Amino acid sequence: MHTATYGVAGIVGLAVAVWILIRPQRGVLLFAAISPLHYILIFALGAGFPNGWKEGLLGFTAVCAVIRTRWSAVPRFTQPWAYLFALLAAIGIVSALVTLPMNVALSPIKITFFYGLVFPIIIWLRPLDAGDRDHLISIMMLLGLGTGLYGIYQQVIGADALAAQGFAYNTDIRFAGGLLRSFSTFGQPFPFALFMMLVLLVCGSVAAAQPRRPRNLVFLVLTPIYLVAMSTAVVRAAFLGLLIGLLWIGFHRYRKLLTALGIGAVIAAAITAVFSGPVLSTFLSSNSLGERGTGWSDSITSILGHPFGIGLGTTGSAAEVVAKATRSSSAPYQPDNYYIKVAIELGPLALWVFVGVLVVAVLHTVRASRVATDPVDRNLCVGVSAAAVAVAAAALVSTYFEIFPDDAYFWLLLGAAASTVVAPRRDTTNGDIGTEGPHDADAAPVDGVPDTTTLVR
């Protein structure tokens, strides 16, 4: 990069920093807008795009949230799952420090716990108001459409054309039963498909609350594109999560949807069986599940022999980072099941804590949907609860909480749902801590909104 380029980048960075300092919620929304494009930006810009921007942006946003908070009126903490996650993080940090050198331990700690710790802090101090939440949904809809169309485009041009553009076989370009697996802007099929799953569940639920709003109407009309895009990645975990999430939404908000899903499933199965034999055989193939099952069975012995785990960062993506740092030549075990991963690394007790995090998150968002005063907020909370249930299901066949940006979006969406309790309306003060108003997101909760700090007893 030339000196002039660095100068322009510095000026833009300073302007963005001041923009976020004035209203830290903007840092959260900026992260939501850039994170799905992380891989493609690095691919396009190379060293010109810093890989650590994620931690830098959220760390700076957290500092701004602390600075801008009026400590005489700190919002109530309405994210009870964070207490259990903090306990899990404490167990994991001790495990990493005991089993790994200090300079190496930091990487698996960051991969496993960073987003689950930083988002609750930011959103506790600076809750997302109604306007912020609306912007978040718009960002997800737009990114879902853009990345979805790019994923479909990859199917149209084929693997050879992608290779000619610089993407690598077996790294970016992958196949399943002869089918090209689209990766869109994410670099791999799994984060792409799981992101589309989140978009369909959360944005679909919100759009159903106001179907005549132009933005929502466009999303509902274009839903088939989102579904087709998710299908191009050929990721069964995303389909499993989507189906369970839709059933969850139907049970809690739209009972008629259950009947429609049943009819739709029969029609889709018939069409797939007739016209898409290769696709169907790929999705129903038992080979990968059989291999995973064998690995999980072997892991039981390790779990029983190590009640406190064998150490954080010994499996999955975190282990790959550790292997590079320690120059290990052995290939780390990939459990393809986050529950198994937690049990292997941290032991059965930590596994129960992790399950508790998911259960509390689901129960809290369901309760928040019942006490929300705005129909959009109610549907947002239902959509987030469905996403949490879907993630819990997808984690059975993937290491979901190591897959960026989907792991970060999980904690962000939980925070957005929690914000409906403490910031149900739009903040008209633009985040100025020196200005008091009835809708200030930093002020005490609006009268009449039930206290949900103890939703789970």
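This structure is a prediction, so every number in the text was calculated from the model and none was measured.

### Section: the overall build of the protein chain
Turning to step 1, where the next piece is worked out: Along the protein chain, the regular secondary structure elements total 19 helices and two strands.
Turning to step 2, where the next piece is worked out: By the burial criterion, 50% of the 457 residues in the protein chain qualify as buried.
Turning to step 3, where the next piece is worked out: Sequence-distant contacts in the protein chain: of pairs separated by 6 or more residues, those separated by 24 or more amount to 77%.
Turning to step 4, where the next piece is worked out: Roughly 20,000 Å² of accessible area belongs to the protein chain as shown, and the carbon and sulfur atoms make up 68% of that amount.

### Here we look at the pattern of salt bridges
Turning to step 1, where the next piece is worked out: Under the definition given, this model contains eight salt bridges.
Turning to step 2, where the next piece is worked out: For R23, the salt bridge identified is with D132, shortest N-O distance 2.5 Å. Here R23 is found in the loop between α1 (3-22) and α2 (25-34), whereas its partner D132 is found in helix α7 (residues 130-164), with 109 residues between them in sequence. Side by side, R23 and D132 carry an identical accessibility label, which is buried.
Turning to step 3, where the next piece is worked out: Salt bridges here are not isolated pairs; linked through shared partners, they connect R23, D129 and D132.

### Side note on the packing of helix α6 (residues 102-125) against helix α15 (residues 316-326)
Turning to step 1, where the next piece is worked out: The N-to-C vectors of α6 and α15 enclose an angle of 165°; their axes lie 9 Å apart at closest approach. Comparing the axis directions of α6 and α15 gives the class roughly antiparallel. α15 is crossed by α6, and the crossing has right-handed handedness. Every residue of α15 that contacts α6 at V104, S107, P108 and I111 is listed here: A318, V321, V322, A325 and T326.

### Regarding the packing of helix α8 (residues 189-209) against helix α9 (residues 214-221)
Describing two packed helices takes the angle between their axes plus the distance from one axis to the other.
Turning to step 1, where the next piece is worked out: Interhelical geometry of α8 versus α9 gives an angle of 135° and a closest axis separation of 9 Å. As the angle between them shows, α8 and α9 are arranged oblique. The handedness of the crossing between α8 and α9 comes out as left-handed. Residues V199, L200, C203, G204, V206 and A207 of α8 pack against R215, N216, F219 and L220 of α9.
Turning to step 2, where the next piece is worked out: Of the residues contributing to the contact of α8 with α9, the split by class is seven nonpolar, two polar and one charged.

### Structural notes on the environment of I40
Turning to step 1, where the next piece is worked out: For I40, the position within the fold is in helix α3 (residues 38-45).
Turning to step 2, where the next piece is worked out: The exposure class assigned to I40 is buried, which follows from its relative accessible area of 17%.
Turning to step 3, where the next piece is worked out: Linking I40 and S184, residues 144 residues apart in sequence, is a C-alpha distance of 8.4 Å.
Turning to step 4, where the next piece is worked out: Filtering out sequence-adjacent residues up to four positions away, I40 remains in contact with Y150, F167 and T185.

### Here's the deal with the packing of aromatic side chains
Turning to step 1, where the next piece is worked out: In this structure the tally under the stated criterion is 28 aromatic pairs.
Turning to step 2, where the next piece is worked out: Here the aromatic rings of F186 and F192 are separated by 5.8 Å at their centres, their planes lie at 25°, and the arrangement is stacked. Residues F186 and F192 agree in their burial class; the two are buried.
Turning to step 3, where the next piece is worked out: Chaining the aromatic ring pairs together yields one cluster made of F85, F113, Y338, Y339, F354, Y400, F401, F410 and W411.
Turning to step 4, where the next piece is worked out: One residue, K54, lies across the ring of F404, its end atom 5.3 Å from the ring centre.

### Section: the nonpolar core
Turning to step 1, where the next piece is worked out: Among the nonpolar cores identified, the biggest contains 107 residues, and F119, M197, Y409 and W411 are the most heavily contacted of them.
Turning to step 2, where the next piece is worked out: Ranked by residues supplied to this core, first place goes to α8 with 14 residues.
Turning to step 3, where the next piece is worked out: M197 has contacts with M230, A237, A238, G241, L242, A390 and V391, leaving out every residue within four places of it along the chain.
Turning to step 4, where the next piece is worked out: Within the second largest apolar cluster, eight residues are counted, among which are I40, A159, F167 and F183.

### Quick look at helix α18 (residues 375-394)
Turning to step 1, where the next piece is worked out: Here α18 contains 20 residues, and its C-alpha end-to-end distance of 28 Å stays within 8% of the 28 Å for a straight helix at 1.5 Å per residue.
Turning to step 2, where the next piece is worked out: Among the 20 residues that make up α18, 18 are buried, leaving the element largely enclosed by the rest of the structure.
Turning to step 3, where the next piece is worked out: The backbone nitrogen of V376 lies 2.8 Å from a side-chain oxygen of the residue at the head of α18, namely D374.

### Structural notes on the environment of L201
Turning to step 1, where the next piece is worked out: Note on placement: L201 falls in helix α8.
Turning to step 2, where the next piece is worked out: With sequence-adjacent residues up to four places away left out, L201 is seen in contact with G241, L242, G245, L246, I249, G383, A386, A387 and A390.

### Here we look at the side chain of T78
Turning to step 1, where the next piece is worked out: On the secondary structure map, T78 appears in the loop between α4 (53-68) and α5 (81-99).
Turning to step 2, where the next piece is worked out: A distance of 3.3 Å separates the side chain of T78 from the backbone oxygen of A418, its partner in a polar contact.

### A few points about α9
Turning to step 1, where the next piece is worked out: Inspection of α9 places R215, N216 and F219 among the buried residues, and these make up the whole buried set. The buried residues of α9 all sit within an arc of 95° when viewed along its axis, so they share a single face. Summarising the geometry of α9, the exposed residues directed more than 90 degrees from the buried face are P214 and V221.
Turning to step 2, where the next piece is worked out: In this fold, the buried residues of α9 make contact with α7, α8 and α10 (223-232).

### Some thoughts on unusual backbone geometry
Turning to step 1, where the next piece is worked out: In this chain, F404 is followed by P405 through a cis amide linkage whose omega measures 5°.
Turning to step 2, where the next piece is worked out: Mapping P405 onto the fold places it in the loop between α18 and α19 (406-422).
Turning to step 3, where the next piece is worked out: Phi at N170 is positive, roughly 65°, even though this residue is not glycine.
Turning to step 4, where the next piece is worked out: Considering the arrangement of structural elements, one finds N170 in the loop between α7 and β1 (174-176).

### Observations concerning a nonpolar patch on the surface
Turning to step 1, where the next piece is worked out: A cluster of nonpolar side chains, L21, F60, V63 and I67, forms an exposed patch at the surface whose accessible area comes to about 330 Å².
Turning to step 2, where the next piece is worked out: Tallying contributions element by element places α4 first for the nonpolar patch, with three residues.
Turning to step 3, where the next piece is worked out: Relative to the assigned elements, V63 resides in helix α4.

### Section: the environment of T326
Turning to step 1, where the next piece is worked out: Along the chain, the position of T326 falls in helix α15.
Turning to step 2, where the next piece is worked out: By relative accessible area, which is 40% here, T326 ends up partly exposed.
Turning to step 3, where the next piece is worked out: As a C-alpha pair, T326 and L100 span 226 residues in sequence and 9.7 Å in three-dimensional space.
Turning to step 4, where the next piece is worked out: A distance of 2.8 Å separates a polar atom in the side chain of T326 from the backbone oxygen of V322.

How each quantity is defined
- Residues numbered from 1 in each chain as written.
- Predicted model: local features only at pLDDT ≥ 70, side-chain atom pairs only at ≥ 80, totals over all residues.
- Heavy atoms only, no water.
- Helix = DSSP H or I, 4+ residues; strand = E, 2+ residues; numbered from the N terminus.
- Buried < 20%, exposed > 50% of the residue type's maximum accessible area, 1.4 Å probe, protein only.
- Contact = heavy atoms within 4.5 Å.
- Areas by Shrake-Rupley, 256 points an atom, 1.4 Å probe, with all protein chains shown as cover.
- Salt bridge = Lys/Arg side-chain N within 4 Å of Asp/Glu carboxyl O.
- Axes fitted to C-alpha atoms, helices over the stretch in contact; angles between N-to-C directions.
- Parallel < 35°, antiparallel > 145°, perpendicular 65-115°, else oblique.
- Left-handed = near helix turned anticlockwise from the far one by under 90°.
- Nonpolar A, V, L, I, M, F, W, Y, C, P; charged D, E, K, R; others polar.
- Phe/Tyr/Trp six-rings, centres within 6.5 Å; stacked < 30°, edge-to-face > 60°.
- Lys NZ or Arg CZ within 6 Å of the ring centre and 35° of its normal.
- Core = buried A, V, L, I, M, F, W, Y, C linked by side-chain atoms within 4.5 Å.
- Expected span 1.5 Å × (residues − 1).
- Polar contact = N/O pair within 3.5 Å; in protein donor to acceptor, adjacent residues only side chain to side chain.
- Arc of directions from axis to C-beta.
- Patch = residues over 30% accessible without salt bridge, like charges linked within 9 Å, V, L, I, M, F, W, Y side chains within 5 Å.

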